[in-house]
Amino acid sequence: CNVLVGACSVSSGINAEYGSNGEEKSVYNDGTVVTVDRTGQKLILLPNGQREVHTASFKRREYPDGTTKTVFNDGRQETVHSNGRIRKKDAKGNLVSDVVLNKAGGVVVDYLNRRAA
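This structure is a prediction, so every number in the text was calculated from the model and none was measured. (Residues numbered from 1 in each chain as written. Predicted model: local features only at pLDDT ≥ 70, side-chain atom pairs only at ≥ 80, totals over all residues. Heavy atoms only, no water.)

**Student:** What should I look at first to understand the pairing of strand S12 (residues 107-110) in this one?
**Tutor:** Consecutive side chains of a regular strand alternate in pointing toward one face of the sheet and then the other. One ladder, built from 3 bridges, connects strand S11 (residues 95-101) with S12; its direction is antiparallel. Bridge pairing in S12 links Val99 to Asp110. Where S11 folds back on S12, the antiparallel hairpin that results is connected by 5 residues, among which Gly105 adopts a positive phi of roughly 95°. (Pairing = 2+ DSSP bridges. Helix = DSSP H or I, 4+ residues; strand = E, 2+ residues; numbered from the N terminus.)

**Student:** I'm lost on the environment of Asn102 in this one. Help?
**Tutor:** Relative to the assigned elements, Asn102 resides in the loop between S11 and S12. Sequence spacing of Asn102 and Arg85 is 17 residues, and the spatial spacing of their C-alpha atoms is 9.0 Å.

**Student:** I'm lost on the side chain of Thr70 in this one. Help?
**Tutor:** Topologically, Thr70 is positioned in strand S8 (residues 68-72). Its relative accessible area of 2% is what places Thr70 among the buried residues. Looking at Thr70, its side chain comes within polar contact range of the side chain of Arg60, at 3.0 Å. If near-sequence neighbours (up to four positions away) are discounted, Thr70 is found in contact with Phe58, Lys59, Arg60, Arg76, Gln77 and Glu78. (Buried < 20%, exposed > 50% of the residue type's maximum accessible area, 1.4 Å probe, protein only. Polar contact = N/O pair within 3.5 Å; in protein donor to acceptor, adjacent residues only side chain to side chain. Contact = heavy atoms within 4.5 Å.)

Next comes the structure, spelled out in structure tokens:
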């Protein structure tokens, strides 16, 4: 669609809306909603309750149970599980940290060094 402000529907089943603030919102037939703000940050809401955030420096998937997985532009990865477990990988995919934190932020279990605190 060639619309500066407003809405349009294309034959592929995508409904697109363009706001005067530069925001673009697309709704797909499967229920996926993609919003892109004027800075280029993208928010994807999936029908299964998952969310993805894409920025200039990272992409993050957020799961309904509270788990998040972030992939940074340099290839590093960080997964934060809802139970407090945090796994970090370097750009080559090597595991560099695998710990479980308590609510105060202290290490309860360090899986990489095979020890409990």
